[in-house]
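# Secondary and tertiary structure notes
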Amino acid sequence: MSGLPLSVLDMSETQEETFRAWGIRTVGALSSLPETSLISRLGQDGKRLLQLARGERPHLLQPIDVPFVLEEEADLDFPLDDLESLLFGLSTMLEQLILRAKSRVYALASITITLHLEGGGSHERTVNPRVPTNDKQLWLKLLHLNLQGHPPQASILKVHLHAEPGATNKVQLGLFSPQLPEPGRLDVTLARIAAIVGEGNVGQAVLDDTRRVDDFHVEPFAIVCTELLPFTATERLCLRTLRPAERTTVEVHLGRPYEFYFRSRRYGVERAYGPWLSGGDWWNEAIWGNEQWDVVARSADSSFLACRLARDFVQNEWHVAGLYD
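Quantities reported herein were computed from a predicted structural model and do not represent experimental measurements.

## Some remarks on the overall build of the protein
Assigned secondary structure in the protein consists of seven helices and 13 strands. Taken over C-alpha atoms, the radius of gyration comes to 37 Å for the protein, far larger than the 20 Å a tight globule of 325 residues would show. C-alpha extents for the protein along the principal axes are approximately 120 × 55 × 50 Å. Of all 325 residues assigned to the protein, the portion counted as buried reaches 31%. Considering only contacts in the protein between residues 6 or more positions apart, those separated by 24 or more positions represent 55%. Approximately 22,200 Å² of the protein is accessible, and the part contributed by carbon and sulfur atoms is 53%.

## Observations concerning a nonpolar patch on the surface
Together, Leu-277, Trp-282, Trp-283, Ile-287, Phe-313 and Val-314 give the surface a local cluster of nonpolar side chains, amounting to about 740 Å² of exposed area. Tracing the sequence through the fold places Val-314 in the loop between β12 (304-312) and β13 (317-324). Look at Val-314 and you get partly exposed, because its relative accessible area is 49%.

## Topic: the nonpolar core
Judged by nonpolar contacts, the single largest core of 30 residues is most densely connected at Leu-86, Leu-90 and Leu-108. For this core, the secondary structure elements donating two or more residues are α5 (83-103), β2 (107-117), α6 (136-149), β4 (156-166) and α7 (183-197). In terms of residue count, the dominant contributor to this core is α5 (nine residues). Not counting residues within four places of it along the chain, the set of residues in contact with Leu-90 comprises Ile-113, Leu-140, Leu-143, Val-159 and Leu-161. Formed by 16 residues, the second largest nonpolar core is a distinct cluster that contains Val-250, Val-269, Ala-272 and Trp-293.

## Re unusual backbone geometry
Geometrically, the link from Arg-243 to Pro-244 is a cis peptide bond, its omega value of 0 degrees lying close to zero. Assignment of secondary structure puts Pro-244 in strand β7 (residues 239-248). The linkage connecting Gly-274 with the following residue, Pro-275, adopts the cis geometry, with an omega of 0 degrees. Tracing the chain through its elements places Pro-275 in strand β10 (residues 265-280). If you check the backbone angles, Val-105 has positive phi at about 55 degrees while not being a glycine. Examined against the element boundaries, Val-105 turns out to sit in the loop between α5 and β2. For Ser-264, which is not glycine, the phi torsion reads 70 degrees and is therefore positive.

## Re the sheet that holds strand β9 (residues 256-262)
One open sheet holds the seven strands; their spatial order is β7-β13-β12-β11-β10-β9-β8, and the pairing between them is antiparallel. Every other strand in the sheet has two partners, leaving β7 and β8 (250-253) as the edge strands with one partner each. Along the sheet, successive strands turn relative to each other by an average axial angle of 30 degrees, direction set aside. Of the strand pairs in this sheet, β9 and β10 are connected by four bridges, and their pairing is antiparallel. Bridging from a neighbouring strand, Glu-259 pairs with Gly-268 of β10.

## Structural notes on a negative patch on the surface
The grouping of Asp-81, Asp-82, Glu-84 and Glu-118 at the surface amounts to a negative patch. Among the structural elements, Glu-84 can be located in helix α5. Judged by relative accessible area, Glu-84 falls into the partly exposed class, the value being 49%.

## Some thoughts on the pattern of salt bridges
The full count for this structure, using the stated rule, is 13 salt bridges. Residue Arg-265 pairs with Asp-301 through a salt bridge whose shortest N-O separation is 3.4 Å. In this pair, Arg-265 sits in strand β10 while Asp-301 sits in the loop between β11 (288-299) and β12, placing the two residues 36 residues apart along the sequence. Judged by relative accessible area, Arg-265 falls into the partly exposed class, the value being 38%. Residue class for Asp-301 comes out partly exposed when judged on its relative accessible area of 46%.

The rules we used
Each chain has its residues counted from 1, running along the sequence as written. Note on the predicted model: pLDDT of at least 70 is required for a residue's local features to be given, and 80 or more for side-chain atom pairs to be given and counted; whole-chain, interface and lining totals, by contrast, use all residues. Only hydrogens and water are set aside when side-chain values are computed; all heavy atoms of the structure are taken into account. Counting from the N terminus, the helices are DSSP H or I runs at least four residues long and the strands are E runs at least two residues long. Only C-alpha atoms enter the radius of gyration, while the globule expectation follows 2.2 Å times N to the 0.38, with N the number of residues. Here the term buried applies to any residue with accessible area under 20% of the maximum for its type, exposed to any over 50%, and partly exposed to those in between, with areas from a 1.4 Å probe on protein chains only. Contacts are assigned to residue pairs with any non-hydrogen atoms lying within 4.5 Å of each other. Computed by Shrake-Rupley with a 1.4 Å probe, the accessible areas treat only the displayed protein chains as cover when residues are assessed. Two distance rules govern patches: like charges are joined within 9 Å, and nonpolar side chains (Val, Leu, Ile, Met, Phe, Trp, Tyr) within 5 Å, applied only to residues with over 30% relative accessible area and no salt bridge. The salt bridge definition used is simple: a Lys or Arg side-chain nitrogen within 4 Å of an Asp or Glu carboxyl oxygen. Take the buried residues of types Ala, Val, Leu, Ile, Met, Phe, Trp, Tyr and Cys, join any two whose side-chain atoms come within 4.5 Å, and each joined set is a nonpolar core. Here the rule is simple: two strands pair whenever DSSP picks up at least two bridges between them. For every element, the axis is a line fit to its C-alpha atoms; helices are fit only across the contacting stretch, and the angle between N-to-C directions ranges from 0 to 180 degrees. Charged residues are defined here as Lys and Arg on the positive side and Asp and Glu on the negative side; His and the ends of the chain fall outside this count. Working definition for charges: the position is that of NZ of Lys, CZ of Arg, CG of Asp or CD of Glu.

Right, here's the structure in full:
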């Protein structure tokens, strides 16, 4: 062992050049050096190298930390067009991902499936349930519904799954609180509705930061607060908005609605409140402006009607925008 070159030891190029300048070429020559002098010149690295050369360095087992990656890939024997057959292979791949996640006390928070298609293309979809879960049947159902709504455009040659880990679902229910529906069943229900009406049409309506009537967008459902809001028993009128608003003809006297026609009836205005003027988007071509009146009217057969009349300044048209119940 004393005749081995210094290259067998774990040293840097600078240290190797230093020993070469000192005329030390072998492990035996290094082991014969005095420890105190070597440490004074090379520090603790010199002591480590000397212990390695003499065989006195303690050897401790160091565990190798394997990277935690939730990925599965499978090459198909032949091009596949049927989604039902694809789900059979996905079942085995999902089992491996779930077992790997459970070994680290994790659940699957999202799964991205990448389908490599015939002709060199690829098709990628991501499924994100409301809460992380290790329910294989739930994942299969969500992936099936997602691929049904967005099918690949060519035959499938290879499948790749990538999952993101998440904390396992723990729900503490109250003793007298009602049982909540299972999040997985809600995800499947929303996925089925999205497959029918489209992904952008499932969610909750959120008003936009504008004064335009009926200006809103749809956002995915999100539970913000579980506390019940206090109920107030005050009576208020309810305006039932008509979508779309029904076009009408309005006769105006002295700047106020006098009579109008609605659903083949002529109504005379008895009381009118307004007008409320609004407008916006003057900086682009889609400029808009309207005036609104709340009126109480009576027809020829003495039937009353409370409604909201709206006039579009740009198109110069009147509409019945809503009815008061």
